[in-house]
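Breakdown of the fold
These are the residues of each chain, in order.
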Amino acid sequence: MTLTSSMENYLKTVFILYRKQGYARCVDISEYMGVTMPSVSRAVKELIKAEYLIKEANGTLSLTMAGKKIAENVYERHCFFREKLLAAGVDLQTAERDACRMEHGISEKSFRKVKKTQKLED
């Protein structure tokens, strides 16, 4: 299954919620992302089917190893671009929104090169 930007965002949200509160439920995802519960339910079903998420008996969601890898990569790109935009003087709300777009639009190869170049400049 090729993941859409939306699906990557769901995985990233589960990752963030786990870091923040130690668990993620569909209602938490809905609140965090500002999307409806039916949208979350559809996405979660697809991500479970694709073996990126596991739904526990108590209703909490866990990332599989494959899901965690994707979520970590997307989150890393998001943080990188957000910080660069903030450093350039972009306001936080705009930096968050733009970083979310940028995290999906760059290949892993290009991101690693940009990140490596940035480290050399520091």
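Okay, so let's go over this structure. (Residues numbered from 1 in each chain as written. Predicted model: local features only at pLDDT ≥ 70, side-chain atom pairs only at ≥ 80, totals over all residues. Heavy atoms only, no water.)

1. Observations concerning the overall build of the protein chain
In terms of regular secondary structure, the protein chain is built from six helices and two strands. A globule of 122 residues ought to have a C-alpha radius of gyration of about 14 Å, and the protein chain, at 15 Å, matches this closely. The principal-axis extents of the C-alpha atoms in the protein chain amount to approximately 50 × 30 × 25 Å. Sorting the 122 residues of the protein chain into buried and exposed places 37% on the buried side. Contacts in the protein chain between residues far apart in sequence, at least 24 positions, make up 54% of those at least 6 positions apart. Summed over all atoms, the accessible surface of the protein chain reaches about 7400 Å², with 54% contributed by carbon and sulfur. (Helix = DSSP H or I, 4+ residues; strand = E, 2+ residues; numbered from the N terminus. Rg over C-alpha atoms; globule rule 2.2 N^0.38 Å. Buried < 20%, exposed > 50% of the residue type's maximum accessible area, 1.4 Å probe, protein only. Contact = heavy atoms within 4.5 Å. Areas by Shrake-Rupley, 256 points an atom, 1.4 Å probe, with all protein chains shown as cover.)

2. Topic: the pattern of salt bridges
Scanning the model with the defined rule gives ten salt bridges in all. Of the charged contacts, one joins Glu-76 and Arg-112 as a salt bridge, the two residues approaching to 2.8 Å between their closest N and O atoms. In this pair, Glu-76 sits in helix α4 (residues 65–87) while Arg-112 sits in helix α6 (residues 108–121), placing the two residues 36 residues apart along the sequence. Arg-112 sits in the partly exposed class, given a relative accessible area of 34%. The shortest N-O distance in the salt bridge between Arg-82 and Glu-96 comes to 3.3 Å. (Salt bridge = Lys/Arg side-chain N within 4 Å of Asp/Glu carboxyl O.)

3. What about the packing of aromatic side chains?
Here the distance between the centres and the angle between the planes together describe a pair of aromatic rings. Counted according to the given criterion, the structure contains four aromatic pairs. Among the aromatic residues, those joined into a ring-pair cluster are Phe-80, Phe-81 and Phe-111. (Phe/Tyr/Trp six-rings, centres within 6.5 Å; stacked < 30°, edge-to-face > 60°.)

4. A look at the nonpolar core
Membership of the largest hydrophobic core comes to 22 residues, with the highest contact counts inside it found for Leu-11, Ile-29, Leu-47, Leu-53 and Leu-63. Residue assignment for this core shows that the elements contributing at least two residues are α1 (5–21), α2 (26–33), α3 (37–49), β2 (61–63) and α4. At seven residues, α1 tops the list of elements feeding residues into this core. Not counting chain neighbours up to four residues away, the residues in contact with Leu-47 comprise Leu-3, Met-7, Tyr-10, Leu-11, Tyr-52 and Leu-53. (Core = buried A, V, L, I, M, F, W, Y, C linked by side-chain atoms within 4.5 Å.)

5. Observations concerning α4
Taking 1.5 Å of rise per residue, the 23 residues of α4 would be expected to cover 33 Å, and the 33 Å separating its terminal C-alpha atoms lies within 8% of that figure. When α4 is considered as a whole, its buried residues turn out to be Gly-67, Ala-71, Val-74, Tyr-75, Arg-77, His-78, Cys-79, Phe-80, Phe-81, Arg-82 and Leu-85. In the segment just after α4, Gly-89 is the residue with positive phi, at about 100°. (Expected span 1.5 Å × (residues − 1).)

6. Quick look at the environment of Ala-71
Residue position: Ala-71 is located in helix α4. In this structure the C-alpha to C-alpha distance between Ala-71 and Thr-4, which are 67 residues apart in sequence, comes to 13 Å. Beyond its immediate chain neighbours, meaning those up to four positions away, Ala-71 contacts Leu-11, Lys-12, Phe-15 and Leu-63.

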